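# Structural characterization, general
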Amino acid sequence: MARKRRDFFDLRDGPPHTLSAAFRGSRNALSLVGLPSSAMKPAPFKYIAANSLEQALALKAQYGDEAKFLAGGQSLIPAMNFRLARPAILIDINGIEALCGVRTSEATTRVGPLTRYRTLQRDAAFAGLFPLIDEALPHIAHPQIRNRGTIGGNLSHADPASELPAIAVALRARFHVQSATRARSIEAADFFVSALTTDLEPDEMLTEIELPLQSPRTGSCFMEVARRRGDFAIVGVAAQMTLDDHDACRDIRLTFCGVGETPVDASPAASMLIGQPPTGNTFRDVAASVQTMIEPAGSVHATADYQRHIAGVLTERALRTAHQRAHDGR
Ligand SMILES: Cc1cc2nc3c(=O)[nH]c(=O)nc-3n(C[C@H](O)[C@H](O)[C@H](O)COP(=O)(O)OP(=O)(O)OC[C@H]3O[C@@H](n4cnc5c(N)ncnc54)[C@H](O)[C@@H]3O)c2cc1C
């Protein structure tokens with residue numbers, strides 16, 4: 001017999017959200033009876049599984065900042081478990097098919113926000129179109145987290161040390177957002193306002209990420225230094241270079257994660273490359289210019305001076321690799 005799907009639990013008043021209530025009637029009941037309602041880790045909340053985009057947006061319009069969309073849950077649920085986030089209502093968007101997948105046309109590729117990292121990693125056509133993203137994905141967390149985490153959740157969470165926001169800025173991505181009553185689009189560079197804060201209004205959802213297709217003779221490189229594999233970056237750099245028919249640099253994008261409150265766009269510091277065939281000396285000049293431009297805050301893992309030093313080293317290496325790839329047509 002098909003199981004009836006329950007899509008609404010009111011979890012704010014303790015039971016049935018306590019572990020004992022959840023297991024009542026099961027064979028494990030005896031060992032769990034008597035657990036207090038405080039056994040739950042997050043603060044009490046109400047859970048609603050949205051069946052459509054319209055329903056999700058209507059709920060967000062109704063509850064505003066009181067409600068959070070639940071995508072992969074890989075940032076939101078840990079934050080709730082530590083009670084750093086205490087949304088009264090969780091709107092689960094995982095059942096909305098329209099928010100998943102990659103659609104490519106002649107000029108752009110559009111990625112649904114609910115597309116999981118793992119889906120992108122397994123999409124060879126996507127990797128071919130956006131090697132910068134493909135190179136960065138394995139640096140994000142661990143396989144279990146990449147199985148659940150989504151591109152939209154990542155960008156909306158706006159962690160300054162996260163790889164994808166810096167890459168979205170490097171790729172000149174455009175974000176489409178919707179509320180129940182309006183739709184608008186925002187340049188990636190304008191989306192990230194400060195640490196963990198975006199330009200999204202309380203009633204809006206990120207509904208599509210639009211990536212312009214890359215010009216011929218474009219090469220890219222993503223590199224980062226982290227304490228351990230899967231950790232957030234101490235410094236990460238995304239470089240993308242386009243050469244003209246005479247091997248001169250026609251376009252250069254250079255962005256960083258981990259060295260500011262938002263992704264840092266250092267492309268102006270690299271604009272000295274434009275109009276000439278790049279050389280090791282000019283890469284060194286760009287690296288020096290980046291080191292004076294960025295203002296890393298330092299952390300328990302790395303001093304600001306160390307971050308600045310690493311940013312310079314990675315800049316030179318990433319530019320050299322992106323140039324080589326543009327030259328070789330990779
Ligand atoms: C141990 C560990 C290591 C990690 N390491 C890294 C790392 O190295 N690099 C990295 O980038 N990330 C890392 N992460 C975070 C991970 O990438 C998350 O998956 C990601 O930040 C959030 O995506 P999510 O789909 O899980 O979103 P959720 O956790 O579900 O949501 C995150 C936030 O975005 C909001 N949101 C979700 N979708 C939308 C939408 N479409 N529109 C508007 N708001 C939305 C939610 O309401 C919530 O506020 C790590 C996480 C863990 C637990």
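Quantities reported herein were computed from a predicted structural model and do not represent experimental measurements. (Residues numbered from 1 in each chain as written. Predicted model: local features only at pLDDT ≥ 70, side-chain atom pairs only at ≥ 80, totals over all residues. Heavy atoms only, no water.)

## Focus: the overall build of the chain
When you go through the chain residue by residue, the secondary structure sums to 14 helices and 15 strands. When the 330 residues of the chain are sorted by exposure, 48% land in the buried category. Sequence-distant contacts, at least 24 apart, represent 62% of the contacts inside the chain between residues at least 6 apart. Carbon and sulfur atoms form 51% of the exposed surface of the chain, whose accessible area is close to 16,300 Å². (Helix = DSSP H or I, 4+ residues; strand = E, 2+ residues; numbered from the N terminus. Buried < 20%, exposed > 50% of the residue type's maximum accessible area, 1.4 Å probe, protein only. Contact = heavy atoms within 4.5 Å. Areas by Shrake-Rupley, 256 points an atom, 1.4 Å probe, with all protein chains shown as cover.)

## A look at helix 13 (residues 280-293)
If you check helix 13, its first and last C-alpha atoms are 20 Å apart, about what 14 residues at 1.5 Å a residue would give, namely 20 Å. Along helix 13, the positions that sit buried rather than exposed are Thr282, Phe283, Val286, Ala287 and Val290. Buried residues of helix 13 fall within an arc of 145° about the axis and therefore sit on the same side. Here the buried face of helix 13 lies against strand 13 (235-243), strand 14 (249-257), helix 12 (267-270) and helix 14 (304-328). (Expected span 1.5 Å × (residues − 1). Arc of directions from axis to C-beta.)

## Here's the deal with the layout of surface pockets
Here the largest pocket defines a volume of roughly 1,400 Å³. Every residue lining the largest pocket is counted, 48 residues in all, and those nearest its centre are Ser75, Leu76, Gly153, Ser156 and His157. Mapped by element, the contributors of at least two residues to the lining of the largest pocket are strand 3 (67-70), helix 4 (76-81), helix 9 (151-157), strand 10 (197-198) and strand 11 (205-212). At five residues, the largest contribution of residues to the lining of the largest pocket is made by helix 9. (1 Å grid on protein atoms, 1.4 Å probe; cavity = no way out; pocket = protein on both sides within 12 Å on 5 of 7 lines; lining within 4 Å. Points joined across faces, edges and corners; volume = space filled by probe spheres on them.)

## Thoughts on the nonpolar core
Residues Ile133, Leu155, Ile167, Phe175, Ile209 and Leu211 are the most contacted members of the largest nonpolar core, which totals 32 residues. Every element with two or more residues in this core is listed here: helix 5 (117-121), helix 7 (131-136), helix 9, helix 10 (163-170), strand 7 (174-178), helix 11 (188-191) and strand 11. Ranked by residues supplied to this core, first place goes to helix 10 with five residues. In contact with Leu211, other than residues within four places in its own chain, are Thr108, Thr109, Val111, Phe126, Phe130, Ile133, Leu171 and Ala173. Counting 29 residues, the second largest nonpolar core, distinct from the first, contains Val290, Ile310, Ala311 and Ala318. (Core = buried A, V, L, I, M, F, W, Y, C linked by side-chain atoms within 4.5 Å.)

## Topic: the confidence of the model for the chain
When pLDDT is averaged along the chain, the result is 91; 88% of the residues meet or exceed 70. In the model, residues 1-33 has pLDDT below 50 throughout and makes 40 contacts with residues more than four positions away in sequence or in other chains. (pLDDT = per-residue confidence, 0-100.)

## Concerning the sheet that holds strand 12 (residues 218-225)
The strands making up a sheet associate through hydrogen bonds between their backbones, and the pairing can be parallel or antiparallel. Read from one edge of the open sheet, four strands run 12-13-14-15, paired in antiparallel fashion. Edge positions in the sheet fall to strand 12 and strand 15 (264-265), since each of these pairs with one other strand and no more. Pairing between strand 14 and strand 15: two bridges, direction antiparallel. Paired with Thr255 across the bridge in strand 15 is Asp265. Along the sheet, helix 13 makes contact with strand 13, strand 14 and strand 15, crossing strand 14 at roughly 40°. (Pairing = 2+ DSSP bridges. Axes fitted to C-alpha atoms, helices over the stretch in contact; angles between N-to-C directions.)

## Here's the deal with the site of the ligand
Taken together, the neighbourhood of the ligand is formed by 29 residues, with Phe69, Gln74, Tyr117, Thr150 and Ser162 sitting nearest. The protein chains hide 88% of the 970 Å² of surface that the ligand would expose on its own. In this structure, the ligand is accommodated by the largest pocket. Elements supplying a minimum of two residues to the shell around the ligand: strand 3, helix 9 and strand 11. Per element, the largest residue contribution to the shell around the ligand is four residues, and it comes from helix 9. (Near = heavy atom within 4 Å. Sits in = over half its atoms within 2 Å of the grid points.)

## Structural notes on the pairing of strand 4 (residues 89-92)
Residues Ile89 and Ile91 point to one face of strand 4 and Leu90 and Asp92 to the other, with burial holding for every one of them. Pairing of strand 2 (residues 46-49) with strand 4, which is carried by four bridges, proceeds in the parallel orientation. Note on strand 4: the bridge partner recorded for Lys46 is Ile89. Taking the sense of rotation as the criterion, the β-α-β connection linking strand 3, helix 4 and strand 4 turns out right-handed. (Right-handed = clockwise from strand over helix to strand, strands pointing away.)

## Considerations on the environment of Ala238
Within the secondary structure, Ala238 sits in strand 13. What makes Ala238 buried here is its relative accessible area of 1%. Spatially, the C-alpha atoms of Ala238 and Ala266 are 9.9 Å apart, while their sequence positions differ by 28 residues. If near-sequence neighbours (up to four positions away) are discounted, Ala238 is found in contact with Leu132, Ile167, Ala170, Cys221, Phe222, Arg253, Leu254 and Thr255.

## Comments concerning empty space enclosed by the protein
Applying the stated rule across the entire model yields one cavity of 30 Å³ or more. By volume, the largest cavity amounts to about 60 Å³. Lining of the largest cavity is provided by Ile133, Ile151, Leu155, Leu164, Ile167, Ala168, Ala173, Ile209 and Leu211. When residues of the lining of the largest cavity are traced back to their parent elements, those giving at least two are helix 9, helix 10 and strand 11. It is helix 10 that contributes the most residues to the lining of the largest cavity, three residues altogether. Split into classes, the residues belonging to the lining of the largest cavity amount to nine nonpolar, no polar and no charged. (Nonpolar A, V, L, I, M, F, W, Y, C, P; charged D, E, K, R; others polar.)

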